[in-house]
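Close look at the chain arrangement
Residues per chain, in single letters:
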Amino acid sequence: MYYPYQITSMQQYQEAYKKSIEDPEGFWGAIAENFFWRKKWDKVLQWNFSEPKTEWFINAKLNITENCIDRHLATMADKPAIIWEPNNPEERTRTVTYARLHKRVCQFAQVLKNNGVKKGDRVCIYMGMVPELAYAVLGCARIGAIHSVVFGGFSAQSIADRLEDANVEYIVTCDGAYRGAKDIPLKSIIDDALIGNKTVKRVIVYTRTRTPISMIKGRDVWWEDEMLYAEEQLEKNGTLDFPAQEMDAEDPLFILYTSGSTGKPKGVVHSSAGYMLWTNYTFVNVFQYKPGDVFFCTADIGWITGHSYIVYGPLSAGATSLMFEGIPTWPDAGRFWDIVDKYKVNTLYTAPTAIRSLMSYGLDPIKGKDLSSLKVLGTVGEPINEEAWHWYDENIGKKKCPIVDTWWQTETGGILISNFAGITPSRPGWATLPMPGVQPLLLNEHGTPANDPEGENIASGNLCMAAPWPGIFRTTYGDHERYKSNYFAAYPGLYFTGDGALKDAEGFYRITGRVDDVLNVSGHRIGTAEVENAINMHAGVVESAVVGFPHDVKGQGIYAYVIMSHKHGDDEQSKKDILQTVTRVIGSIAKPDKIQFVNGLPKTRSGKIMRRILRKIAEGETKNLGDTTTLLDPGVVDEIQQGKL
Ligand code: WT7
């Protein structure tokens, strides 16, 4: 496998960028020729951001798993597709070749069929980071079912909401999952999520931890039994192949839920063909992947990073993707470096929060670890501070590995702004240049585009996109109005990202962070409204307001101001109860770091909470709180400030 569309110089990047803007259909049409299609397209692109509607490769037919697996079999059957490193370093590792991956995905597609799953059905996958999770994802794609992977850290209530929103009929889970020193009882959480649920017909359970679970007759089946039976069936057919379902280019591939500034998480829907092209193209170019390289993305497949850069991007490129079940700090903080050493990892793609956390352990965990195989380092999820960037560069890359700072979102499917490793310039803290086909625009709050800066000047504004790239999400599941109002209404005719950014005269971008009521905690997106709703479910809470504050490791921490009713005490026990409530309603990732009990919240005369003031107080600002004269009761501000944690 080689990549004729891999860009190898700054000049080529500039030419590709120019071509992609002047003739997007010619540009992406030529790249699409490198994939396997059952039928080619009638037209490359049709779009309209006012509607909004985007379609790529109109009327083309394909199945993404034929591109991720089958087409590699002739030349790479025995090459590792997935290398799996277990949570416990003493446990046996597993190497899944492309031939083995083909067999397992076909078997699992047969399992899905045997259990009644058809094209277009929604399958919720709630599993730990085991190879079977990849088989489940790809098995869904092979049969044309829409997967909705839910991260193992979400609570039963969160799962229940997602099951209902997407009208899910099938679930794939594990008995439990290992994460560091903890066992997470996945199946029992699913059982809780299913109390009162009337749509789920089947739960397929893979055995990982052997933790005791209850299997409900007529609903729950074991993965192992089902796989064995499917294997016998496929063997009877004489081939071990399960024919892939022919999909339209625009058929949905998956749903992934993500938080916004209002309401419940929304189901981001990605397409089949455009998403495939985008994850492949960005994988090959940003990381400058070379056949044979070992690529290690440390994310969980429960997040978009894992979908795009553990599964679909690498596998569609015939790459070797390293999948890690554990966490960076267990059994010790040298875990990543042991893995790099053990498998001679060439590319390491991780999050700034992980780097900052590992930094705090000093250099001892790196001593004696051979990191010389590393060629490229990457970061994603939040702005990287310069201290962490230099630490990564000096101690991990030994100043020899380019660092790619990749900016993107669940909605964008893959990377939109990043340098190309060793090809285009890097600059600490800057995501730098847009991918070909990506047209960023910075706008002020009145909707006026910022002028391109000259000389030393730097422009700033809200980051928008003027045109679609192949990987843009197509809708929010079951609610296209929400797609429109959330993303295409703030600046008519443009996609609004929710981020603020800077741009310099060279055209480099620096992302400054969210400008909406969304927090970025350890690279995970959490809506303040969602956390408030969870806190407010506690019986003793009258009202709450949640804001972010700078946190050394997490990037942002969660600060909650809470008013308790008179009957309930504002003591340590109440704090613990509130944390427990949030854990129950959302999951432990949304637990506030600080809870301050207050008697009132700063509100405007119309009753709107002035978050700007609360944010400043949480950030430790003492003087410049801005204009407080429009407040209903300016006195509460002093009181809150005195009680600051
Ligand atoms: C938000 C998207 C993309 C996969 C992981 C997060 C922030 C992401 C960067 C970066 C600065 C970044 C943005 C974005 N973000 N990457 N390299 N530099 N900020 O996906 O949960 O959809 O969150 O993460 O604020 O909007 P997500």
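Shown above is the structure to which this text applies.
Now for a look at the structure at hand. (Residues numbered from 1 in each chain as written. Predicted model: local features only at pLDDT ≥ 70, side-chain atom pairs only at ≥ 80, totals over all residues. Heavy atoms only, no water.)

**Here's the deal with the overall build of the protein**
Within the protein one finds 19 helices and 30 strands. In terms of overall size, the protein behaves like a compact globule, its C-alpha atoms giving a radius of gyration of 24 Å where 645 residues would be expected to give roughly 26 Å. By principal-axis analysis of the C-alpha atoms, the protein measures approximately 80 × 65 × 55 Å. Expressed as a percentage of its 645 residues, the buried residues of the protein come to 59%. (Helix = DSSP H or I, 4+ residues; strand = E, 2+ residues; numbered from the N terminus. Rg over C-alpha atoms; globule rule 2.2 N^0.38 Å. Buried < 20%, exposed > 50% of the residue type's maximum accessible area, 1.4 Å probe, protein only.)

**Thoughts on the packing of aromatic side chains**
Applying the stated criterion across every chain, the model contains 47 aromatic pairs. On the basis of an interplanar angle of 65° and a centroid distance of 4.7 Å, the ring pair of Phe 287 and Tyr 349 is categorised as edge-to-face. Of this pair, Phe 287 sits in the loop between helix 10 (273–286) and strand 16 (294–297) while Tyr 349 is found in strand 18 (residues 347–350), placing the two residues 62 residues apart along the sequence. For the pair Phe 296 and Phe 324, a centre-to-centre distance of 6.3 Å together with 80° between the ring planes defines the contact as edge-to-face. Taken as a pair, Phe 296 in strand 16 and Phe 324 in strand 17 (residues 320–324) lie far apart in primary sequence, 28 residues in all. Residue Phe 296 shares its accessibility class with Phe 324, and that shared class is buried. Each member of the aromatic cluster is reached from another via a ring pair, and the members are Trp 47, Phe 49, Trp 469, Phe 473, Tyr 483, Tyr 487, Phe 488 and Tyr 495. Against the face of Trp 430 rests Arg 427, its NZ or CZ located 4.7 Å from the ring centre. (Phe/Tyr/Trp six-rings, centres within 6.5 Å; stacked < 30°, edge-to-face > 60°. Lys NZ or Arg CZ within 6 Å of the ring centre and 35° of its normal.)

**Focus on a negative patch on the surface**
Judged by side-chain charge, Glu 164, Asp 165, Asp 479 and Glu 481 come together as a negatively charged surface patch. Structurally, Asp 165 can be placed in helix 7 (residues 156–165). Residue classification places Asp 165 among the partly exposed positions, given a relative accessible area of 39%. (Patch = residues over 30% accessible without salt bridge, like charges linked within 9 Å, V, L, I, M, F, W, Y side chains within 5 Å. Areas by Shrake-Rupley, 256 points an atom, 1.4 Å probe, with all protein chains shown as cover. Salt bridge = Lys/Arg side-chain N within 4 Å of Asp/Glu carboxyl O. Lys, Arg positive; Asp, Glu negative; His and termini not counted. Charge placed at Lys NZ, Arg CZ, Asp CG, Glu CD.)

**With respect to the pattern of salt bridges**
Tallying each qualifying case throughout the model produces 42 salt bridges. Between Asp 161 and Lys 264 there is a salt bridge whose closest N-O contact spans 3.5 Å. One end of the pair, Asp 161, is in helix 7; the other, Lys 264, is in the loop between strand 14 (252–258) and strand 15 (266–271), with 103 residues separating them in the sequence. Lys 603 is the salt-bridge partner of Glu 543, the closest N and O atoms lying 2.9 Å from each other.

**A closer look at the pairing of strand 29 (residues 555–564)**
Counting buried positions along strand 29 yields 8 of 10 residues, so the element is predominantly enclosed. Where strand 28 (residues 541–551) folds back onto strand 29 in an antiparallel hairpin, the turn is made up of 3 residues. Bridge analysis of strand 29 against strand 30 (residues 594–597) gives 4 bridges, and the strand direction is parallel. The residue of strand 30 that forms the bridge with Val 562 is Phe 597. Handedness of the crossover joining strand 29 and strand 30 through helix 17 (residues 572–585): right-handed. (Pairing = 2+ DSSP bridges. Right-handed = clockwise from strand over helix to strand, strands pointing away.)

**Structural notes on the site of the ligand**
In the neighbourhood of the ligand, 18 residues make up the surrounding shell, with Asp 405, Thr 406, Thr 410, Asp 499 and Arg 525 lying closest. One of the side-chain nitrogen or oxygen atoms of Asp 499 is found 2.6 Å away from an oxygen atom of the ligand. Between the ligand and Arg 514, the relevant distance is 2.9 Å, taken from an oxygen atom to a side-chain nitrogen or oxygen of the residue. Elements that contribute at least two residues to the shell around the ligand include exactly helix 11 (304–316), strand 20 (403–406) and strand 25 (509–514). Of the residues that constitute the shell around the ligand, the class distribution is 6 nonpolar, 7 polar and 5 charged. (Near = heavy atom within 4 Å. Polar contact = N/O pair within 3.5 Å; in protein donor to acceptor, adjacent residues only side chain to side chain. Nonpolar A, V, L, I, M, F, W, Y, C, P; charged D, E, K, R; others polar.)

**Overview of helix 5 (residues 98–114)**
For helix 5, spanning 17 residues, the distance from its first C-alpha to its last is 24 Å, which sits close to the expected 24 Å at 1.5 Å a residue. Here helix 5 lies mainly inside the structure; 12 of its 17 residues are buried. Restricting attention to buried positions, one finds in helix 5 the residues Tyr 98, Leu 101, His 102, Lys 103, Val 105, Cys 106, Gln 107, Phe 108, Ala 109, Gln 110, Val 111 and Leu 112. Gly 116, located one to two residues past helix 5, shows a positive phi value of around 95°. (Expected span 1.5 Å × (residues − 1).)

**A word on the sheet that holds strand 22 (residues 459–465)**
Overall, antiparallel pairing links the 4 strands, which are arranged 21-22-24-25 in an open sheet. The open sheet is flanked by strand 21 (440–443) and strand 25, the only strands paired with a single partner. The average undirected angle you get between the axes of adjacent strands in this sheet is 45°. Across 6 bridges, strand 22 lies against strand 24 (residues 495–503) in antiparallel orientation. Residue pairing for strand 24: Cys 464 is matched across the bridge by Phe 496. (Axes fitted to C-alpha atoms, helices over the stretch in contact; angles between N-to-C directions.)

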